[in-house]
Structures are given as C-alpha cells and as structure tokens.
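# Inside the fold
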Amino acid sequence: YYACDEGEVFIKGNRVDLTCPRDAIRRGVGMIHQHFALVPSQSVIENVIIGTDTDKGIFLDLESARAKLREIQKRFTLQLDPDAKIWTLSVGEQQKVEILKALYRDVDILIMDEPTAVLSPGETEDLFKTLKSLVQEGRSVVFISHKLHEVMSISDRIMVLRAGEVVAEKKTSETTLRELANLMVGRELLEKLDKKKMQPGEPVLQIENLHALNDKRLPALRALGLVVRRNEVLGLAGVSGNGQRELAEILFGIREASQGRVKVNGNPLRLGSPVSAIHLGMARIPEDRIETGLLMDLTVEENLILESHVSPEFQRRGLLDFKKIRRFSEEL
C-alpha cells in the first residue's frame, strides 16, 4: 500500500520491490486489516474469490472455487456457509472470511492488524487455534496488537515499536507483560491506579419485557429485563450473535423493538428514536467504528459534534461557528 523511502525488503531471501498489493499477494503475502475489506451484499464464496484468476476466462468458476473452499474449511476447521451474505454474518464470522480469502490464495506470510479488536474472548480463542494450525503447516504470521496478554499468548518472538523504530526484540518466553508495557511507552508504568470504591446508586436505565428480531427476522431478545444503576459498570456476557448488538441498537433508537419498555432516569425512552436517546443523555460506541460510528470524510472536529451540531452552542446566525467548534474540540 505504501512505498518505502529507504531500505530493502526480502522475502524468502530474495530482494523484492513491492509496488502494489498484487506484488505482495503474488509472493505469498496476505494481510487482514483491522477493518475488513469485504463486500457486504455479496456471498462468502464471492468475497473469497475476488481478484483471483479462473480457468474459464471472463466467467466465474464457482463450482471449482466452492470445492477448493470446502477443502480449506475442512482443513482449518473454519466452517461457514459459502452462500451466506456477508452482511448477515457476525464480526467473528467476517474475520473467518478474511482468513479464508488469504488461505484461498495460499499465502505463506499472513499479516494481521489488530485482529482481536472486535472479537469476543471465545472468538479470539478460535482465532488463535487457527493461527497455530497455520504455523504448524510452516506458514508465518505477523500479529500486530497492543493487547499484551494476547501477544504473550500467541507469539514466539516480539518486536516492540515506538515512534516508528524497533526499540526491542524479545523472545516471548524471556519477557513479561510489565517489561513490554514499559518498552512500549518508554518509561516505568505505575503498578496500579487508586480508584475510589463506589456504591451502586438509584436505577438510571430500566428495561422491561423487551422483545426484538435480528436481521434474519429471528428472535434476538425474548422478554429481556435488566437494571443499570448509578456508579456501576454493567457487563453483558455472551458469544457473538446472542442479542447484545440488537439490545445496544434498540437502546440507541436505531432498531425497532417488537415489544417492551425502556426508561432512562425515570423518563420513557421513545423506541426507534436516536434523538430521544441523545436528549436523555445516552451515548453509544458501536463495535464497528468505521462503518457505523464515524463519517470518515469529515474532520475530527466535525465528527465530535455530529449529535449536537444543531445546538446554539456551535452556531452563529444559523451557520456552524467553527471557532467555537475548534475550542470545544481542544477542550474535550
């Protein structure tokens, strides 16, 4: 994706000039980005074969591709329906598609950028099993992450980068989480932060008898009820696809509930209305920040006021006041 200004790259002992991704792919290098490069409206099999050659010239050879894909799935226990549309898959399943894309191209070197950023612990465990099976076959994996316990769990050797330079190279068996953290930031870190013990207060979010369907029109929530209190963090545990996403989307008004009531600080939340959620003091950080959290063509400043750009605080005579917006952003 980028050309280097200085230095050389060697693959299997041979000096190479990588002028585009196709050069890297041709030499057995694959990459899975933190934000997946998949076409949501197309099927698993169609995404896997994008950009590959076929013996049928300009025609797709889906039959041969399907046979090859099923063999790879069986070998690496990456089971997915080849005809499932990408948009119907969970984040963990979409990552499996990215891995299948790389294996379909028979990569020898697989680069993974923050691969567990949006995965549940169970999905992360499955990913690590897959990576270990790839390594046992003689392939190499570059695992890029700042989650140190995962790096310690999966890696054989660790390179620490800081300000664009390699500041340390360690065998995983000869280092510790604490040493790696200090190397990453360039100074000794505190053992722990002192946090004041808080007692849970009055209810701030009350959910009663909530029912909802998922994107496949199957039940996602059944008579769900829970309470969140002031001064507490409530964790929702569950393997991906068990209603967590649907619950978050209903609470923020971007998915309709089929039944149930929600109150925020005693006030009824108007279901299906993001404006109501915002006015009642709720905020949401989605699992996919790029797709549903941010507008990538706008600046950081513009993204920071997306929910409140109509406020008089950021306007002057009906137009956005960018001096005020900049001041607000800097303070934030």
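In this report, we go over the structure that sits alongside the text. Just so it is clear, the model here is predicted, and its values are computed rather than measured.

## What about the packing of aromatic side chains?
Summed over all chains, the structure comprises two aromatic pairs. Between phenylalanine 128 and phenylalanine 143 the ring centres are 5.7 Å apart and the planes differ by 70°, which places this aromatic pair in the edge-to-face class. With phenylalanine 128 in helix 5 (residues 121-136) and phenylalanine 143 in strand 5 (residues 140-144), this residue pair connects regions lying 15 residues apart in the sequence. For phenylalanine 128, a relative accessible area of 9% corresponds to the buried category.

## Considering a positive patch on the surface
A cluster of basic residues, Arg316, Arg317, Lys323 and Arg327, forms a positive patch at the surface. With respect to the helices and strands, the residue lysine 323 is situated in helix 12 (residues 322-331).

## So, the pattern of salt bridges
Scanning the entire structure with this criterion turns up 19 salt bridges. As a salt-bridge pair, aspartate 108 and lysine 12 come within 2.6 Å of each other at their nearest N and O atoms. Here aspartate 108 is found in the loop between helix 4 (91-104) and strand 4 (109-113), whereas its partner lysine 12 is found in the loop between strand 1 (9-11) and strand 2 (14-16), with 96 residues between them in sequence. In this structure, a network of salt bridges that share partners links the residues Arg75, Asp106, Glu137 and Arg139.

So, how was this worked out
- Residues numbered from 1 in each chain as written.
- Predicted model: local features only at pLDDT ≥ 70, side-chain atom pairs only at ≥ 80, totals over all residues.
- Heavy atoms only, no water.
- Phe/Tyr/Trp six-rings, centres within 6.5 Å; stacked < 30°, edge-to-face > 60°.
- Helix = DSSP H or I, 4+ residues; strand = E, 2+ residues; numbered from the N terminus.
- Buried < 20%, exposed > 50% of the residue type's maximum accessible area, 1.4 Å probe, protein only.
- Patch = residues over 30% accessible without salt bridge, like charges linked within 9 Å, V, L, I, M, F, W, Y side chains within 5 Å.
- Areas by Shrake-Rupley, 256 points an atom, 1.4 Å probe, with all protein chains shown as cover.
- Salt bridge = Lys/Arg side-chain N within 4 Å of Asp/Glu carboxyl O.
- Lys, Arg positive; Asp, Glu negative; His and termini not counted.
- Charge placed at Lys NZ, Arg CZ, Asp CG, Glu CD.

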